[in-house]
Amino acid sequence: MSDKIFFTPGPAHLYPTVSTHIQTALKEDIGSISHRSKQFHGIYQHSAEQLRTLMGIPSGFQVLFLGSATEIWERSIESLVQKKSFHFVNGSFSKRYFEIAQLLQKDSQKIEATFGQGFNIETTQIPSDAELVCVTSNETSSGVYMPENEINEVKEKAPNSLLIVDAVSSVPYPKFDFTKVDSVLFSVQKAFGLPAGLGVWIVNDKCIEKANKLKASGKYSGTYHNLIALVDGAKKFETPATPNVLNMYLLGKVAEDMNRVGVEKLRSLTNQKAEMTYSFLEKSPTFEPFVKEITHRSPTVIVADCQLPAAEIIELGKKDGLVIGSGYGAF
Ligand SMILES: *Cc1c(COP(=O)(O)O)cnc(C)c1O
């Protein structure tokens, strides 16, 4: 690897142990084994178990593997919504999830916050017929974080809807309350520091029940990564199609490394680094934090406003091997 350091939200800098694990994977023929073999079942099981430990996922939840987070947006709408989903939109990613629901011809609704701001959950009206409520743990495009207590509040406001959390650029940092959250989705190239090309979808029994209900009423798309097929596969540690075996292997190994450090330690290191970065931005005459509300500042994706043109700063960083993200969409 080069000696560049990537300060990019995703793909991000690889976790330090990835390179060794890739070499071991090659020695173990991970790229050639059958996805119906015992060896693969072991990889699936190991990866799911390490994630359960790292994220505190209870046994009643299934851990499913797909192609990307974007794919899971689509599959979750197809498998969990007949008519209506409700979306908390405050940036490019949460907006895209909402648009996918519209493209799938659902009668979906949203509440929209100004770019760079969080939500006031207390005053938000969630329609009582929303079958799925979609929130984003960390809106990567703006650096706005939705703290876990706010996610729990959303469930308290809409106890009869399924609650799904897009946690692509924050997992494994957040400590989700799985008695409140019905589903979590993420991909691995952001806060996990793995190569891109793997999506992880965590679902509880209520999600599976809902998919079965849609199926019974003939309102169900049976495409290859539908929830029912994924869950049937997971029971034997298999996937409906040939998956990204190498990345599933790497995820299991990296999650194991992270478990060795301990998730509480990872959280506190992340908090320390975020505090140092935000306090630098606040003191610096050149920068300021883009997100003004302290409770909504992301600890994993830190966005700065700059006095100089961003392109100049990015160019300066390059000279020292620092690759800085240039922003997203209109910003
Ligand atoms: C990057 C990102 C996605 C999309 O992830 P893909 O793996 O590219 O599909 C979705 N949601 C959030 C919050 C993201 O940051």
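Now for a look at the structure at hand. Just so it is clear, the model here is predicted, and its values are computed rather than measured. (Residues numbered from 1 in each chain as written. Predicted model: local features only at pLDDT ≥ 70, side-chain atom pairs only at ≥ 80, totals over all residues. Heavy atoms only, no water.)

Topic: the overall build of the protein chain
And step 1. What the protein chain contains, in helices and strands, is ten helices and 13 strands.
And step 2. The C-alpha radius of gyration of the protein chain comes to 20 Å, within 12% of the 20 Å expected for a compact globule of 331 residues.
And step 3. For the C-alpha atoms alone, the extent of the protein chain along its principal axes is close to 60 × 55 × 35 Å.
And step 4. By the burial criterion, 52% of the 331 residues in the protein chain qualify as buried.
And step 5. For the protein chain, the proportion of contacts with a sequence separation of at least 24, taken over those separated by at least 6, is 68%.
And step 6. The averaged location of the 36 negative side-chain charges in the protein chain is 4 Å from the averaged location of its 34 positive side-chain charges. (Helix = DSSP H or I, 4+ residues; strand = E, 2+ residues; numbered from the N terminus. Rg over C-alpha atoms; globule rule 2.2 N^0.38 Å. Buried < 20%, exposed > 50% of the residue type's maximum accessible area, 1.4 Å probe, protein only. Contact = heavy atoms within 4.5 Å. Lys, Arg positive; Asp, Glu negative; His and termini not counted. Charge placed at Lys NZ, Arg CZ, Asp CG, Glu CD.)

Considering the pattern of salt bridges
And step 1. All chains considered together, the criterion is met by 20 salt bridges.
And step 2. Salt-bridge contacts for Lys180 lead to Asp177; the nearest nitrogen and oxygen are separated by 3.6 Å.
And step 3. In this structure, Lys206 engages Asp182 in a salt bridge whose closest nitrogen and oxygen atoms are separated by 3.6 Å. With Lys206 in helix 6 (residues 205-216) and Asp182 in the loop between strand 8 (162-166) and strand 9 (183-187), this pair connects stretches of sequence that are 24 residues apart.
And step 4. A relative accessible area of 44% places Lys206 in the partly exposed class.
And step 5. Judged by its relative accessible area of 2%, Asp182 falls in the buried class. (Salt bridge = Lys/Arg side-chain N within 4 Å of Asp/Glu carboxyl O.)

Brief notes about a nonpolar patch on the surface
And step 1. A grouping of Ile5, Phe7 and Ile324 is seen on the molecular surface, where their side chains present a nonpolar patch of about 270 Å² in accessible area.
And step 2. For Ile5, the location among the structural elements is in strand 1 (residues 5-7). (Patch = residues over 30% accessible without salt bridge, like charges linked within 9 Å, V, L, I, M, F, W, Y side chains within 5 Å. Areas by Shrake-Rupley, 256 points an atom, 1.4 Å probe, with all protein chains shown as cover.)

Regarding the packing of aromatic side chains
To describe a pair of aromatic rings, you give the distance between the ring centres and the angle between the ring planes.
And step 1. Counted by the stated rule, this structure contains 15 aromatic pairs.
And step 2. Between Phe61 and Phe178, the aromatic rings sit 5.1 Å apart at their centres with planes inclined by 75 degrees, giving edge-to-face as the arrangement. Of this pair, Phe61 sits in the loop between helix 2 (38-55) and strand 2 (62-66) while Phe178 sits in the loop between strand 8 and strand 9, placing them 117 residues apart in sequence. For the pair formed by Phe61 and Phe178, the shared burial category is buried.
And step 3. With centroids separated by 5.6 Å and ring planes inclined at 55 degrees, the aromatic side chains of Phe290 and Phe331 adopt a geometry described as tilted. Of the two residues, Phe290 is situated in the loop between strand 11 (287-289) and strand 12 (304-306) and Phe331 in the segment after strand 13 (322-324); the sequence distance between them amounts to 41 residues.
And step 4. According to the relative accessible area criterion, Phe290 is buried, its value standing at 16%.
And step 5. Each member of the aromatic cluster is reached from another via a ring pair, and the members are Phe40, Tyr44, Phe65 and Phe237. (Phe/Tyr/Trp six-rings, centres within 6.5 Å; stacked < 30°, edge-to-face > 60°.)

With respect to the pairing of strand 2
And step 1. Most of strand 2 is tucked away: five of the five residues are buried.
And step 2. By the alternation rule, side chains of strand 2 split into Gln62, Leu64 and Leu66 and Val63 and Phe65, which are all buried.
And step 3. Note that strand 2 and strand 10 (residues 199-203) share five bridges and pair antiparallel. In the sheet register, Leu66 faces strand 10, and the bridge partner there is Gly199. (Pairing = 2+ DSSP bridges.)

Concerning the packing of helix 1 (residues 18-27) against helix 8 (residues 245-261)
And step 1. Viewed as axis vectors pointing N to C, helix 1 and helix 8 meet at an angle of 135 degrees, and their least axial separation amounts to 10 Å. One finds that helix 1 runs oblique with respect to helix 8. Crossing geometry of helix 1 relative to helix 8 is assigned as right-handed. On helix 8, the residues touching Val18, His21, Ile22, Thr24 and Ala25 of helix 1 are Leu246, Tyr249, Leu250, Lys253, Val254 and Asp257.
And step 2. Broken down by class, the residue content of the contact of helix 1 with helix 8 amounts to seven nonpolar, two polar and two charged. (Axes fitted to C-alpha atoms, helices over the stretch in contact; angles between N-to-C directions. Parallel < 35°, antiparallel > 145°, perpendicular 65-115°, else oblique. Left-handed = near helix turned anticlockwise from the far one by under 90°. Nonpolar A, V, L, I, M, F, W, Y, C, P; charged D, E, K, R; others polar.)

Details of the site of the ligand
And step 1. Taken together, 13 residues surround the ligand, and among them Thr70, Thr140, Asp166, Ser187 and Lys190 come closest.
And step 2. Between Ala69 and the ligand, the recorded distance is 3.2 Å, taken from a backbone N or O atom to an oxygen atom.
And step 3. In this structure, a nitrogen atom belonging to the ligand sits 2.7 Å away from a side-chain N or O atom of Asp166.
And step 4. The protein chains hide 89% of the 380 Å² of surface that the ligand would expose on its own.
And step 5. In terms of residues, the shell around the ligand owes the most to one element, helix 3 (residues 69-80), which gives three residues.
And step 6. Its residues placed into classes, the shell around the ligand shows four nonpolar, seven polar and two charged. (Near = heavy atom within 4 Å. Polar contact = N/O pair within 3.5 Å; in protein donor to acceptor, adjacent residues only side chain to side chain.)

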